[in-house]
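# Working through the structure, step by step
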Amino acid sequence: MNKCVRIRNLMGLVTSCILAIIFFSCTESNGVISLDDNELFSLEYGNFEDQLNLFSLASPSPVRTSLAMRDGFFYIANGEAQKVLELNSYGDLLSIYYNGEGNPTPSFADAADSQIVSTTRKAVEYPFNSLGAIAADSRKYIYVVDQLPPERHEQDVENRLLLSQIILRFASDGTFIDYIGQRGPGGMPFPYIKNIYTTYNSELVVVCQMNDGMVVYWFDKTGYLRSTIPFKVDQLPNVLDEEDVNEVYISLENIVPSYTEEKLFVKVDYYTSSIDVASNVESGIDYAASMLFPLDINTGVYEEPFSIPAYEQEVADGFSRLVYNLSYDFLGVTDSGWLFFIIADDTGYNIQMVQESGDTVLRRHLDLDHHTTLYHSISLSPEGIISMLLAEEDEAKVLWWRTDSLIDAILKG
């Protein structure tokens, strides 16, 4: 039965939040170590079954191609081609789900049959419209965001939202199960879906963007709604002492579910206005802090929050160097409870891995040439493997970084 979790004692957390802002003990060396990347395979551009359609990279329109990795299998939702690819770590095509109106019939499929399952590969025809995020669960069920035709869009007048997106479910044998909406199978469409996740119990978690915050829908493994949890920015706690700072701006950066527990991790960034001393007028907005609030979805009560260390960016100014604090983006959570954060720099990406207990912080670097990168989609697996679909001028590559080995070494140590 649908239940709306009421977030209780929200503003009462302010005092406890202030007490909870502490520094993490850090076990890394002075320099940030670069992780070795492994290029697993590449994909050519084109319209055939084992190719990607990314011809829109030259235009200013948004790219609608996303990547997910689960148990060594890669799932690519190629929105430009209206198809979904399932590949192994060698780049072998295992499954293709495709819109027959814009794609040729796969070479291993019979044109007279809309679904062919061979001993090694399967081809499934489905009338996709506009694909988005993709995920897979432990049963190898595939979940992919799609958009309903315009005549089936709905309006949320109260919240001034267009409701147009749904989540399609396919079983491991390629069978289309149903589509999931706000209230479960066949339900009202969602507002804009920021991302989708699956848990250890093969439950689906949908994070949607709202005009005033976000809303999370948590479904059980059968697809029926368990909880709806709204997060409004103006109701989030302010952990800064308003007597010591100027105006405070609060940003709800991301919400990610725990993989093993029934809780959400809510990342909130805080900014303050800066005042020009000479003119005594507001001259800009400065980053102040980031907090992570774990929320139990069954009780609707936050656990004790903790601060996320900022990324320190050095900028040369003449003969001096200035240091600016910046907020990491929240990438995801592993099955062992490590929290991953990411931020781009001139030579790639900085990764910050924080134990849920806050006892250990690890920082590593992913080397990447931004000048040759036209587009990328990044994914974090439950084990802690970072995967990336990297689109360059001539081809797209799939790489991964085995941060799971680093986590295992810490846990065993």
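Described below are features of the structure shown in this document. (Residues numbered from 1 in each chain as written. Predicted model: local features only at pLDDT ≥ 70, side-chain atom pairs only at ≥ 80, totals over all residues. Heavy atoms only, no water.)

## Observations regarding the pairing of strand E32 (residues 386–391)
Heads up, the condition is: Each residue's exposure class comes from its accessible area (1.4 Å probe, protein chains only) as a fraction of the maximum for that residue type: buried when under 20%, exposed when over 50%, partly exposed otherwise. In this description a helix means any DSSP run of H or I spanning at least four residues, a strand means any run of E spanning at least two, and both kinds are numbered starting from the N terminus. For two strands to count as paired, DSSP must find a minimum of two bridges between them.
For E32, the buried fraction is high: six of the six residues fall into the buried class. Judged by which residues are buried, E32 turns out to be covered on both faces: Ile386, Met388 and Leu390 on one side and Ser387, Leu389 and Ala391 on the other are all buried. Pairing geometry for strand E31 (residues 375–380) and E32, over six bridges, is antiparallel. Along E32, the bridge assignment pairs Ser377 with Leu389.

## Remarks on the packing of aromatic side chains
Going by this rule: Each aromatic pair joins two rings of Phe, Tyr and Trp (for Trp, the six-membered one) with centres within 6.5 Å, and gets the label stacked for planes under 30 degrees apart, edge-to-face for over 60, and tilted for any other angle. Whether a charge lies above a ring is judged from NZ of Lys or CZ of Arg, which has to be within 6 Å of the ring centre and within 35 degrees of the ring normal.
Summed over the entire model, instances satisfying the criterion amount to 15 aromatic pairs. Summarising the aromatic geometry, the rings of Phe41 and Phe74 are spaced 5.8 Å apart at their centres and angled 80° between planes, so their arrangement reads as edge-to-face. Separated by 33 residues along the polypeptide, Phe41 in strand E3 (residues 37–43) and Phe74 in strand E5 (residues 73–78) bring together distant segments of the chain. Residue Phe41 is classed as buried on the basis of its relative accessible area, which comes to 7%. For Phe74, a relative accessible area of 0% translates into the label buried. Ring pairing ties together the aromatic residues Tyr97, Tyr126, Phe128, Phe170 and Phe176, which thus form one cluster. When the ring centre of Tyr141 is taken as reference, the NZ or CZ atom of Arg139 above it lies at 3.9 Å. Directly above the ring of Phe73 sits Lys140, whose terminal nitrogen or CZ lies 4.0 Å from the centroid.

## What to know about empty space enclosed by the protein
What counts is decided by this rule: Throughout, the protein atoms alone are placed on a 1 Å grid, and a set of points is a cavity if a 1.4 Å probe fits but cannot get out or a pocket if it is open with protein on both sides within 12 Å along at least five of seven lines; lining residues have an atom within 4 Å of a point. Grid points are joined across faces, edges and corners, and a volume is the space filled by probe spheres set on the points. For this classification, the nonpolar set comprises Ala, Val, Leu, Ile, Met, Phe, Trp, Tyr, Cys and Pro, the charged set comprises Asp, Glu, Lys and Arg, and every other residue, Gly included, is treated as polar.
Considering all chains together, one arrives at one cavity of 30 Å³ or more under this definition. In this structure, the largest cavity occupies an estimated 30 Å³ of space. Lining the largest cavity we find Tyr75, Glu86, Tyr97, Lys122, Lys140, Ile142 and Ser172. Per-class residue counts for the lining of the largest cavity are three nonpolar, one polar and three charged.

## Digging into the side chain of Asp269
The condition that has to hold: Counting of polar contacts relies on pairs of N or O atoms within 3.5 Å, with two restrictions inside protein: one atom must be capable of donating a hydrogen and the other of accepting it, and residues adjacent in sequence are counted only when both atoms are side-chain atoms. The contact definition used throughout considers only heavy atoms, calling two residues in contact when any of these lie within 4.5 Å.
Mapped onto the elements, Asp269 comes out in strand E22 (residues 263–275). Residue classification places Asp269 among the buried positions, given a relative accessible area of 3%. Side chain to side chain, Asp269 and Ser327 meet in a polar contact 3.0 Å long. If we ignore the near neighbours within four places in the chain, the residues touching Asp269 are Tyr249, Ile250, Ser251, Glu253, Ala289, Ser290 and Ser327.

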